[in-house]
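Chain by chain, the residues:
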Amino acid sequence: MSDEETPANGHRVLFAASGLVAAGVGLGVAELSTSLNRAWRSPVEVVAEVVIDKAPSSVTKFGIELFGTNDKLALVIGILVTLTIIGLVIGLASRRRPIVGDVAFALFAVVGAGAALQVANAPLSAVVPSLVAGGVGALTLRFLQGRLHALPVTKPVSDEGPAADTAEADGPTRRTFLALTGALIAVGAVAAAGGRALRERFSAVDSRNNLVLPAADRPGPAVTEAYATDVEGMTPFTTSNADFYRIDTALTVPQVPVESWELEIKGMVDEPLTLTFDELTEFGLVEADVTMTCVSNRVGGDLVGNARWLGVPLQRLLDEVGVDPDADQLVGRSIDGYTCGFPVSAVGDGRTCLVAVGMNGEPLPLEHGFPARLVTAGFYGYISATKWLTEIELTTFDDFESYWVPRGYADRAPIKTQCRIDIPRTGEQVTAGPQYIAGVAWAQTKGITKVEVKVDDGPWQEAELADELTDETWRQWRIEWDAQPGSPRLLCRATDGDGVLMPEERTEPLPDGASGWQSKLVIVQAA
């Protein structure tokens, strides 16, 4: 048999596919192994989290701008596509030298294990799923390629006549191999699905569903129709939990049962304190409506939402522990190690600062920080809104940098005044005649006193404002518009409660939030 007729050359596609199948089976069995320990994570998850943690801020910003709240899904898909390509290359590269496959899967295991150990609070045993993935992948590849090397190769027709007998022998053998491959794919898929199903026993869903929150000592004001415009299709004044934006660094939602949760308050305090959930709520709960904004929100963006929060005022907790006068930063630390930090002085300046346990009349949703999170009015979420809160540390800005600060973001970031056009919607065709231009504006802790709208080069016109609930929530506005056929450019701007007009020039979100007047082109059709 010549070199061109060896199985390694005759079945190149199958050799490549064997690498992909081996990688899939390895990952599937690794996923199953994660069901044995709450702290164990799949190699794909831990590698993705390291990518999130190590990525430059410009890359993170690009991902959020491009994919919005689907940025993590896009990252996982990207990693899976990359693994698919790598698996195909491994299968092809090891067809002549099986040791190549062994080394490749060993490296895969090492990378995954290293990533697992970088996850906050991860035990040494967290490397097990990655080692399982590498070991099972290598064994599966050896097994499949051993079968491939045993396959006969169909010779082309020659002067000596067609190799009919060889082809007939080759057909069922190849079919047997394909059937074996299909069975292994099924094993990997079942293992992965089984692992996901078994991990549900670590879920905090039942803990949340069984939680009954105490009533607020100080209920929030009634939200009436006066706080919203009556323009059809307008953004609701209160954002539902399902529609509230989610931007954080957690690839998978941390599962923290309320029964085992504790909050530690430490650092530059007179008396450190550790509280269970029941002990926390004994400090008394209040309700507050607060509009929250992500620092990644671009001018006119939707990474903003308004909700009614239920929680314990931070001031009550700080009074209990006693704060060192030299402490100027309050750091919230999440169960996954994420940190936010904002000025201690904000806690006592009259704004809402809560350890929140409820959102819009129910316990916090899992993806929004159950069982407890920080909510601080007037600061972008990246420095003030720690989810899955487990620690509060009193420190200084000189001694500690929270998660995003070394990545290029400002350590102090009050929310900038913004004004957004919601109606007409982007890309919507408007019929000529009487129409509304409507939207929301916000300047948390200052409030909004005026919104103005301009159409093309026309004059600025003052919009009608809905009532203001508090200066910590957004404010809806509208203006009547006699739409004329064409493609007019709409422009809006707002003035805050201090009488300061928001700046016209647009700036990017990095390092401390976007600013600028929003403009929008619309298409007006003749009636």
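Residues numbered from 1 in each chain as written. Predicted model: local features only at pLDDT ≥ 70, side-chain atom pairs only at ≥ 80, totals over all residues. Heavy atoms only, no water.

J.: What is the right way to read helix α6 (residues 98–118) from this model?
T.: Helical geometry: 3.6 residues make up each α-helical turn, so side chains three or four residues apart lie on a common side. A rise of 1.5 Å per residue sets the reference length of α6, with its 21 residues, at 30 Å; its end C-alpha atoms lie 31 Å apart and thus fit the reference within 8%. Along α6, the residues that are buried comprise G101, A104, F105, A109, G112, A113, A115 and A116. Lining the buried residues of α6 we find α2 (12–33), α3 (43–54), α5 (71–93) and α7 (128–149). (Helix = DSSP H or I, 4+ residues; strand = E, 2+ residues; numbered from the N terminus. Expected span 1.5 Å × (residues − 1). Buried < 20%, exposed > 50% of the residue type's maximum accessible area, 1.4 Å probe, protein only. Contact = heavy atoms within 4.5 Å.)

J.: How do you make sense of the environment of I335 when you look at a structure like this?
T.: Summarising the element assignment, I335 is placed in the loop between β5 (329–334) and β6 (339–343). By relative accessible area, which is 32% here, I335 ends up partly exposed. Between the C-alpha atom of I335 and that of A120, which follows or precedes it by 215 residues, the distance is 7.9 Å. Excluding residues within four positions of it along the chain, I335 makes contact with N121, P254, V256, W388 and T390.

J.: Mind showing me how you'd approach the sheet that holds β5 here?
T.: The strands that make up a sheet are held in pairs by hydrogen bonds between backbone atoms, and each pair lies either parallel or antiparallel. Reading across from one edge, β2-β1-β10-β5-β6 is the order of the five strands in this open sheet, with mixed pairing throughout. Looking at strand neighbours, the two that pair on one side only are β2 (273–276) and β6, the edges of this open sheet. Across this sheet, the average inter-strand angle for adjacent strands is 15°, counted without regard to direction. Strand direction decides the pairing type here: β5 and strand β10 (residues 389–395), joined by six bridges, are antiparallel. Bridging across to β10, R333 finds its partner in E391. (Pairing = 2+ DSSP bridges. Axes fitted to C-alpha atoms, helices over the stretch in contact; angles between N-to-C directions.)

J.: What am I meant to see in the packing of aromatic side chains here?
T.: The description of two aromatic rings rests on the distance between their centres and on the angle between their planes. According to the stated counting rule, one finds 11 aromatic pairs in the structure shown. Plain terms: the ring middles of Y403 and W404 are 5.0 Å apart, the flat faces sit at 80° to each other, and that makes the pair edge-to-face. Judged by its relative accessible area of 12%, Y403 is buried. Both rings, one in W442 and one in W474, keep their centres 6.3 Å apart while their planes meet at 55°; by these two values the pair is tilted. On the criterion of sequence distance, the pair formed by W442 in strand β13 (residues 433–442) and W474 in the loop between β16 (464–465) and β17 (475–483) is long-range, its members being 32 residues apart. (Phe/Tyr/Trp six-rings, centres within 6.5 Å; stacked < 30°, edge-to-face > 60°.)

J.: What is the right way to read the pattern of salt bridges from this model?
T.: Once the charged atoms of two side chains with opposite charge are near each other, the side chains can pair. Under the counting rule described, the total for this entry stands at 23 salt bridges. Across the pair E45 and R41 runs a salt bridge, and its minimum N-O distance is 2.9 Å. Classification of E45 by relative accessible area gives buried; the value is 7%. The buried category is assigned to R41, whose relative accessible area is 16%. (Salt bridge = Lys/Arg side-chain N within 4 Å of Asp/Glu carboxyl O.)

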